[in-house]
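Given next are the chains, with one letter for each unit.
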Amino acid sequence: MIFSRQLLRPLLMMLMLIGSAHAEVRREDPTESMVRQIAKDLRCAVCQNQSVYESNSELAKDMLKIIRDKVAAGEKEPAIRDYFHQRYGDYIYLEPTGQGMNALLWSAPFLGLGLGGYALWLALRRWRGQATKEAADASQAPPSPTPDAAMQSRIEQELKQVEM
Amino acid sequence: MNGIWKLVLLGAVMAILLLFALGLKNDPRDIPSPLVNRPASDFSAPALDGNQTVSLSAQRGKWVLVNFWGSWCVSCVVEHPYLIELAAKTNNRPDFVIIGVDFRDTPDAAQAFLKRHGNPGYTHAQDPDQKIAIDWGVYGAPESYLVDPNGTIRMKHTGPLFPGWFEQRALPLMQGNAK
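All values derive from a computational prediction rather than experimental measurement.

Conventions used here
- Residues numbered from 1 in each chain as written.
- Chains lettered and ligands numbered in written order.
- Predicted model: local features only at pLDDT ≥ 70, side-chain atom pairs only at ≥ 80, totals over all residues.
- Helix = DSSP H or I, 4+ residues; strand = E, 2+ residues; numbered from the N terminus.
- Rg over C-alpha atoms; globule rule 2.2 N^0.38 Å.
- Contact = placed C-beta atoms within 7 Å.
- Nonpolar A, V, L, I, M, F, W, Y, C, P; charged D, E, K, R; others polar.
- Pairing = 2+ DSSP bridges.
- Right-handed = clockwise from strand over helix to strand, strands pointing away.
- Buried ≥ 20, exposed ≤ 12 C-beta atoms within 10 Å, placed from the backbone.
- pLDDT = per-residue confidence, 0-100.

## Looking at the overall build of chain B
Right, so step 1: Per the secondary structure count, chain B includes five helices and seven strands.
Right, so step 2: The order of α-helices and β-strands along chain B, N terminus first, is α-β-β-β-α-β-α-β-α-β-β-α.
Right, so step 3: Over its C-alpha trace chain B gives a radius of gyration of 21 Å, far above what one expects of a compact globule, namely 16 Å for 179 residues.
Right, so step 4: Seen through its principal axes, chain B has C-alpha atoms that stretch 80 × 40 × 30 Å.

If you want it as structure tokens, here you go:
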């Protein structure tokens, strides 16, 4: 046990040294960042919500290869995105574009928020109106209505019965 | 006033449930292809048998059924008997031709598939790195496109072609075009 612990420390040190010796600065091909940028927003058509860049499926791998070839051939990003959009439709983008019917999709939450706010404002105004009206009614009304003579005599009669 | 709001709420809930029910009936695989009514992109690839080249543009002037398949595809086994039947039935039609595109496959595996399940007899293009398939917006196999004599894609069928597909789906389009 002691032996293994004694051995462990130098072994770890050695591993770290070997690691750092081999860790050269990896310079990525500058076109690769563009490939990644395009592939990350393309849906892998046969997977559940994975991008072409993340997926291991054959279709995604071949799509990635096509993107690489196109980038290498000097095609621009919008043109490559368009290539896939023309073939697979809106579905290919992981993030829906803001054009056409999708504009409605994007604006619907804000529209809903606005409508809700307006409804709330209307409701609040009505409640406040009611409250002030009630307050005004209360101040105008007599503090406590005095029972008329007939009622007074009836109450006294009842009281007498209770006492008996 | 209260009654109206209750009705509005009920209507909204019903509408959401209705949309939900309609959505459940949709086949998630059946995504409408934006390629329908667009010019088909031409391809030219080595044939599966022999050393000729298969190209779509060589069939201009005919209706072309382009069938994407692979020996690795299970549903293609289900579809295969109909393809054999269809090929035999339309063999003497001058206006209709079938091209298979064997994608993500090796020639050996594809030949073995045809040997085991029968050879319908039409030509197949090899597409090992599925360049043609992606160019045609293919998700999986089998998928079929019907291309008209002008080279425009008129229909996409996702999944196996079913017996009677030609009469029910293809012929109405072909006759409509002839008028």
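## Some details on the interface of chain A and chain B
Right, so step 1: Across the boundary between the two partners, chain A contributes twelve residues, which contact 14 residues of chain B.
Right, so step 2: Secondary-structure elements contributing two or more residues to the side of chain A that touches chain B are α3 (58-72) and α4 (77-88) of chain A.
Right, so step 3: The greatest single-element share of the side of chain A that touches chain B, amounting to five residues, is contributed by α3(A).
Right, so step 4: Residue composition of the side of chain A that touches chain B, grouped by class: six nonpolar, two polar and four charged.

## Regarding the pairing of strand β5 (residues 124-127) of chain B
All names here are of chain B.
Right, so step 1: Alignment of strand β4 (residues 96-103) against β5, held across four bridges, turns out to be parallel. Opposite Asp-102, over in β5, you have Gln-126 as the bridge partner.
Right, so step 2: Assessed by its sense of winding, the connection that carries the chain from β4 through helix α3 (residues 107-117) to β5 is right-handed.

## A word on unusual backbone geometry
Residue and element names in this part refer to chain B.
Right, so step 1: Of note, the bond from Ala-141 into Pro-142 is cis; its omega dihedral lies within 30 degrees of zero at -5°.
Right, so step 2: Even without a glycine there, the phi angle at Asn-37 is positive, about 70°.
Right, so step 3: Here Asn-37 is to be found in the loop between α1 (2-25) and β1 (44-46).
Right, so step 4: Under the C-beta neighbour-count criterion, Asn-37 is labelled exposed, with 11 such atoms within 10 Å.
Right, so step 5: A positive phi angle, close to 45°, is found at Gln-130, a residue other than glycine.

## Comments concerning the pairing of strand β6 (residues 143-147) of chain B
Residues and elements named next belong to chain B.
Right, so step 1: Buried residues dominate β6, accounting for five of its five residues.
Right, so step 2: Side chains of β6 alternate between two faces, with Glu-143, Tyr-145 and Val-147 and Ser-144 and Leu-146 buried alike.
Right, so step 3: In this structure, strand β3 (residues 63-69) lies alongside β6, joined through five bridges in antiparallel fashion. Bridge assignment links Asn-67 to a residue of β6, and that residue is Ser-144.
Right, so step 4: Once β6 ends, the chain turns through five residues before running back antiparallel as strand β7 (residues 153-158), passing Gly-151 with a positive phi of about 85°.

## Concerning the confidence of the model for chain A
Right, so step 1: When pLDDT is averaged along chain A, the result is 84, and 87% of the positions lie at 70 or above.
Right, so step 2: Between the elements of chain A, mean pLDDT differs from a low of 67, seen in helix α1 (residues 2-22) of chain A, to a high of 94, seen in α4(A).

## Comments concerning the environment of Arg154(B)
All names here are of chain B.
Right, so step 1: For Arg-154, the location among the structural elements is in strand β7.
Right, so step 2: Taking the C-beta count within 10 Å as the criterion, Arg-154 has 19 such neighbours and is therefore assigned partly exposed.
Right, so step 3: Separated by 118 residues in sequence, Arg-154 and Val-36 have C-alpha atoms that sit 5.3 Å apart.
Right, so step 4: If sequence neighbours within four positions are ignored, Arg-154 has contacts with Val-36, Asn-37, Leu-146, Val-147, Asp-148 and Leu-173.

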